[in-house]
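In case you want the letters, here they are:
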Amino acid sequence: MIRAVPIGAGHYLPKNVVTNSELAKTVDTSDDWIVTRTGIQQRHFAADGEYTSDLAIAAAKDALENAGIEASDIDSIILATSTPDQTFPSTATKVQAGLGMTSGFAFDVQAVCAGFAFAMTTANSLIVAGQSKRALVIGAETFSRIMDWEDRTTCVLFGDGAGAVILEAQECEGTPNDRGILACELSSDGNYNDLLYVDGGVSSTQTTGVLRMQGQEVFKHAVSKLAAAGETAMERAGVTSDDVDWVVPHQANLRIIKSTAKKMGVPMEKVVLTVHNHGNTSAASIPLALSVAVKSGQIKRGNLVLTEAIGGGLAWGAVVFRW
Ligand code: ACO
């Protein structure tokens, strides 16, 4: 059978690093409050004139180099973002042009913080269906552009960044020992739109809007939904939490990450953590963390990896793959 096998990962973080203490100079907050509630110590912010596509292109180039292939070897780009450069065209097509590609297809996926799970699942389906041989899957965000800097309950949580993974169609045995994507699980429930949203948009206000969140309500849903998605994906893949080498969770909040790992029966030693350095980078957080873990040698070829994410919608999902 054909599976979508990861052959490279890359990431990019804007140069401007803002620590909690620096943020506390302009926002009524403290390093202690942010670290205790979220685990976040610092985040990166894109420079003026630095767009989501710029971050995505830099991450994509890093992933291509990691995979040892050229942009012309890619035939599809699936980019998860809620902070596109423009309303249209898709940021993915800007990345396609930025990489010098003149063939293949590119489009955006929008599932907020769960975007990378949705993008990976979409890429997997395209590869298994024979529509794509090599897909570049990117998560890229500039959430600093949709913050209400007067709202200290949200503006301290988010950062900017991009990560990318390249998936290649490969013939596999069809067992859980295969490399590649073994199972995906996606869910959403639009009845929870009001828990996490941006208060503007093209067809409603004709403005961009800023992020609004009922943090405690999101927290309540996060742990149970993430653990359930992770367990379903593992079952579908024919593996258990004992088989998992690494969990790469959406990096929103250390308390959510710890509670979810505990609920799934995975010890924290097996959890990749970047939230302290990156903050919540929405759809970029999983590929960023994955790339950091691959480059640092934490995740090695053949390791079984579980990713899980939840965000606005609510939308959530999990993907199990062997690196
Ligand atoms: N600095 C200092 N004090 C603050 C800050 C801040 N940045 N923000 C809020 N406070 C104060 C509040 O005003 C309140 O003060 P009061 O008791 O005097 O009224 C107090 O801290 C407690 O506020 P809560 O909102 O109850 O704080 P809580 O413990 O719920 O923590 C948080 C807030 C961190 C947002 C938490 O609810 C959370 O982690 N939620 C998960 C949501 C999340 O991570 N979302 C990310 C996007 S979705 C996703 O990616 C999963």
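Above: the structure in question.
Residues numbered from 1 in each chain as written. Predicted model: local features only at pLDDT ≥ 70, side-chain atom pairs only at ≥ 80, totals over all residues. Heavy atoms only, no water.

*Asks:* I would appreciate a short explanation of the packing of helix α7 (residues 215–237) against helix α8 (residues 254–264) in the present structure.
*Replies:* One way to put it is that α7 packs onto α8 with a least axis distance of 9 Å and a crossing angle of 40 degrees. In terms of orientation, α7 and α8 fall into the oblique class. At the point where α7 passes α8, the crossing takes the right-handed sense. Contact residues: Phe219, Ala222, Val223, Ser224, Leu226, Ala227, Gly230, Glu231 and Met234 in α7; Arg255, Ile256, Ser259, Thr260, Lys263 and Met264 in α8. Broken down by class, the residue content of the contact of α7 with α8 amounts to 8 nonpolar, 4 polar and 3 charged. (Axes fitted to C-alpha atoms, helices over the stretch in contact; angles between N-to-C directions. Helix = DSSP H or I, 4+ residues; strand = E, 2+ residues; numbered from the N terminus. Parallel < 35°, antiparallel > 145°, perpendicular 65-115°, else oblique. Left-handed = near helix turned anticlockwise from the far one by under 90°. Contact = heavy atoms within 4.5 Å. Nonpolar A, V, L, I, M, F, W, Y, C, P; charged D, E, K, R; others polar.)

*Asks:* Quick question: what am I supposed to make of the nonpolar core here?
*Replies:* In a soluble, globular protein the nonpolar side chains are often hidden away together inside. Phe143, Val156, Met234, Val247, Met264, Leu306 and Val320 are the most contacted members of the largest nonpolar core, which has 46 residues in total. If we ignore the near neighbours within four places in the chain, the residues touching Val156 are Leu23, Val27, Thr29, Trp33, Ile34, Ile40 and Arg43. Core analysis: the next-biggest nonpolar cluster, separate from the first, contains 37 residues, Ala119, Cys184, Val248 and Phe321 among them. (Core = buried A, V, L, I, M, F, W, Y, C linked by side-chain atoms within 4.5 Å. Buried < 20%, exposed > 50% of the residue type's maximum accessible area, 1.4 Å probe, protein only.)

*Asks:* When you look at the site of the ligand in this model, what are you seeing that I'm missing?
*Replies:* Near the ligand there are 23 residues, and of these Thr29, Arg37, Gln216, His250 and Asn253 occur at the shortest range. Residue Thr29 places a side-chain N or O atom 2.7 Å away from a nitrogen atom belonging to the ligand. Arg37 has a polar side-chain atom sitting 2.5 Å from an oxygen atom of the ligand. Relative to its free-state accessible area of 1000 Å², the ligand is covered by the protein chains to the extent of 75%. Going through the elements one at a time, α2 (31–38), α6 (152–155), α7 and α8 are the ones with two or more residues in the shell around the ligand. Per element, the largest residue contribution to the shell around the ligand is 4 residues, and it comes from α7. No fewer than three residues from each of domain 1 (2–171) and domain 2 (180–322) sit in the shell around the ligand. (Near = heavy atom within 4 Å. Polar contact = N/O pair within 3.5 Å; in protein donor to acceptor, adjacent residues only side chain to side chain. Areas by Shrake-Rupley, 256 points an atom, 1.4 Å probe, with all protein chains shown as cover. Domains from an automatic or database assignment.)

*Asks:* Would you mind showing me how to read α7 here?
*Replies:* Note on helix geometry: an α-helix contains 3.6 residues per turn, so any two residues three or four positions apart are oriented the same way. Taking 1.5 Å of rise per residue, 23 residues should cover 33 Å, and α7 covers 32 Å from first to last C-alpha, within 8% of that figure. In α7, a bend of some 30 degrees at Ala222 exceeds every other bend along the element. As for α7, its buried residues are in contact with β8 (180–188), β9 (196–198), β10 (211–213), α8, β12 (304–311) and β13 (315–322). Gly238 lies just past α7 and shows a positive phi near 80 degrees. (Expected span 1.5 Å × (residues − 1). Bend = angle between axes of the 7 residues up to and from the residue.)

*Asks:* Looking at this structure, I do not really get unusual backbone geometry. What am I missing?
*Replies:* Negative phi values dominate among residues other than glycine, just as trans dominates among peptide bonds. Omega for the bond connecting Phe88 with Pro89 falls within 30 degrees of zero, at 5 degrees, which places this linkage in the cis form. Here the amide bond leading from Gly313 into Leu314 is cis, since omega sits at -10 degrees, within 30 degrees of zero. Relative to the helices and strands, Leu314 resides in the loop between β12 and β13. For Ser282, which is not glycine, the phi torsion reads 55 degrees and is therefore positive. Mapped onto the elements, Ser282 comes out in the loop between α9 (275–278) and α10 (285–295). With relative accessibility at 1%, the residue Ser282 sits in the buried group.

*Asks:* Would you take a moment to explain the sheet that holds strand β6 (residues 134–142) for this structure?
*Replies:* Two strands in a sheet stick together by hydrogen bonds in their backbones, pointing the same way (parallel) or opposite ways (antiparallel). Taken in spatial order, the 5 strands of this open sheet run β1-β7-β6-β4-β5, and their pairing is mixed. The strands lining the two open edges of the sheet, one partner per strand, are β1 (2–12) and β5 (105–109). Ignoring which end each strand starts from, the neighbouring axes of this sheet average 20 degrees apart. When β6 meets strand β7 (residues 160–171), the two strands line up antiparallel, connected through 9 bridges. Each bridged residue has a counterpart across the sheet, and for Thr142 the counterpart in β7 is Asp160. (Pairing = 2+ DSSP bridges.)

*Asks:* It is not clear to me how the environment of Arg145 should be interpreted in this structure. Could you clarify?
*Replies:* Relative to the assigned elements, Arg145 resides in the loop between β6 and α6. The exposure class of Arg145 is partly exposed, given its relative accessible area of 38%. Once the C-alpha coordinates of Arg145 and Ala252 are considered, the two residues, 107 residues apart in sequence, prove to be 18 Å apart. Those residues in contact with Arg145 that sit more than four places away from it in its chain are Ala46, Ala47, Asp48, Glu50 and Tyr51. For Arg145, the side chain forms a polar contact with the main-chain oxygen of Ala47, separated by 2.9 Å.

*Asks:* What am I meant to see in the sheet that holds β12 here?
*Replies:* If you walk across this open sheet you meet the 4 strands as β8-β13-β12-β11, and the pairing is mixed. Each end of this open sheet is capped by a strand with a single partner; those strands are β8 and β11 (246–249). Strand-to-strand, the axes of this sheet are offset by a mean angle of 15 degrees, without reference to chain direction. When β8 meets β13, the two strands line up antiparallel, connected through 8 bridges. Across the sheet, the residue bridging to Ile181 is Phe321, located in β13.

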